[in-house]
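# Observations on the three-dimensional arrangement
Residues per chain, in single letters:
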Amino acid sequence: MSSDKVAARKGRLRQRYDNDHRLVAGCVPYRVKKDDEGNPCSSPDDPAQVEVLMISTPNRKDMVFPKGGWEDDEDVYQAACREAMEEAGVKGIIDSSALGHWVFKSKSSQNSSSPRGACKGFIFAMEVTEELESWPEQATHNRRWVSPAEAYQLCRYDWMREALTALLERLSVIEPVATAGSAAAQELTDQAGMYMMLQTTSDGAVALC
């Protein structure tokens, strides 16, 4: 582990918008357990070998994946990586093909019917290669490695479960994790279609609106 105690970006002076939507970038950090020689302990499609990193927020028992505002001096990948470092204290390899694109309400506008205050979030998979001993938002965000099954239960929002599902599908572990009789699978089935997801283009570039 190393330290990268730089200041987190604050405010929205450089925030990107698409009409009334605030643009957001984030990631689902993950790792595949490895042996002492750096090789996967078993097949990478074994759900027992995959863990995802989640972060806590004050006064909440549920957890989230790192995300935040996409600013006008960075591309969407840089924004996702920056948020992972600031909120979770991790760096890694980000997949240029997004897990998806979701539209959701911000914390301050959950009870509003107006389109103002909504966010468009671009979420990526990040294979973690480095964990920092200290990070900018450590005082408000604790981090925790969890199994995919536990992550389904901890996710604060349904769209985050959908992003997790997209990651597990990409890693070819979704069937063992979300078996037909599991509570997580049932919840995913019940919530299917509640959030808009726009797929990335076939060449791996992010499909921006």
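Since we're looking at a predicted model, the values are computed, not measured.

What counts as what
Residues numbered from 1 in each chain as written. Predicted model: local features only at pLDDT ≥ 70, side-chain atom pairs only at ≥ 80, totals over all residues. Heavy atoms only, no water. Helix = DSSP H or I, 4+ residues; strand = E, 2+ residues; numbered from the N terminus. Buried < 20%, exposed > 50% of the residue type's maximum accessible area, 1.4 Å probe, protein only. Polar contact = N/O pair within 3.5 Å; in protein donor to acceptor, adjacent residues only side chain to side chain. Contact = heavy atoms within 4.5 Å. Expected span 1.5 Å × (residues − 1). Pairing = 2+ DSSP bridges.

### Describing unusual backbone geometry
The backbone phi angle of Asn19 is positive, close to 55°, even though this residue is not glycine. Tracing the backbone shows Asn19 in the loop between strand S2 (17–18) and strand S3 (21–32). Despite not being glycine, Asn59 has its phi angle at roughly 65°, a positive value. Here Asn59 shows up in the loop between strand S4 (50–55) and strand S5 (67–69). Since its relative accessible area comes to 84%, Asn59 is described here as exposed.

### Some words on the side chain of Arg156
Relative to the helices and strands, Arg156 resides in the loop between helix H2 (148–154) and helix H3 (158–170). Engagement of the side chain of Arg156 in a polar contact is seen with the side chain of Thr57, the distance being 2.6 Å. When sequence neighbours within four positions are dropped, the list of residues in contact with Arg156 reads Thr57, Arg60, Asp62, Met63 and Val64.

### Section: helix H1 (residues 76–88)
End to end, H1 covers 18 Å across 13 residues, agreeing with the expected 18 Å (1.5 Å per residue, within 8%). Burial of H1 is extensive: ten of the 13 residues sit out of reach of the surface. All of the buried residues in H1 are Val76, Ala79, Ala80, Arg82, Glu83, Ala84, Met85, Glu86, Glu87 and Ala88. For H1, the secondary structure elements touched by its buried residues are S3, S4, S5, strand S6 (90–94), strand S8 (118–134) and strand S9 (143–146). Measuring from the backbone nitrogen of Tyr77 back to the side-chain oxygen at the start of H1 gives 3.0 Å, which picks out Asp75 as the cap.

### A few points about H3
Relative to the 18 Å expected for 13 residues at 1.5 Å per residue, H3 spans 19 Å between its end C-alpha atoms, a close match to the ideal helical length. Judged by how many residues are buried, H3 sits mostly within the fold: eleven of 13 residues are covered. Considered for burial, the residues of H3 that qualify are Asp158, Trp159, Met160, Arg161, Glu162, Ala163, Leu164, Thr165, Ala166, Leu167 and Leu168. Directly after H3, the chain includes Ser172, whose backbone phi takes a positive value near 60°.

### Considerations on the pairing of S8
On a regular strand, each side chain points to the face opposite its neighbour's, so the side chains alternate between the two faces of the sheet. Along S8, 13 of the 17 residues are buried, which leaves the element largely enclosed by surrounding structure. Two strands pair when backbone bridges link them, and S3 and S8 are joined in this way by nine bridges, in the parallel orientation. The residue of S8 that forms the bridge with Cys27 is Phe124. In the sheet, S6 pairs with S8 via five bridges, with the strands oriented antiparallel.

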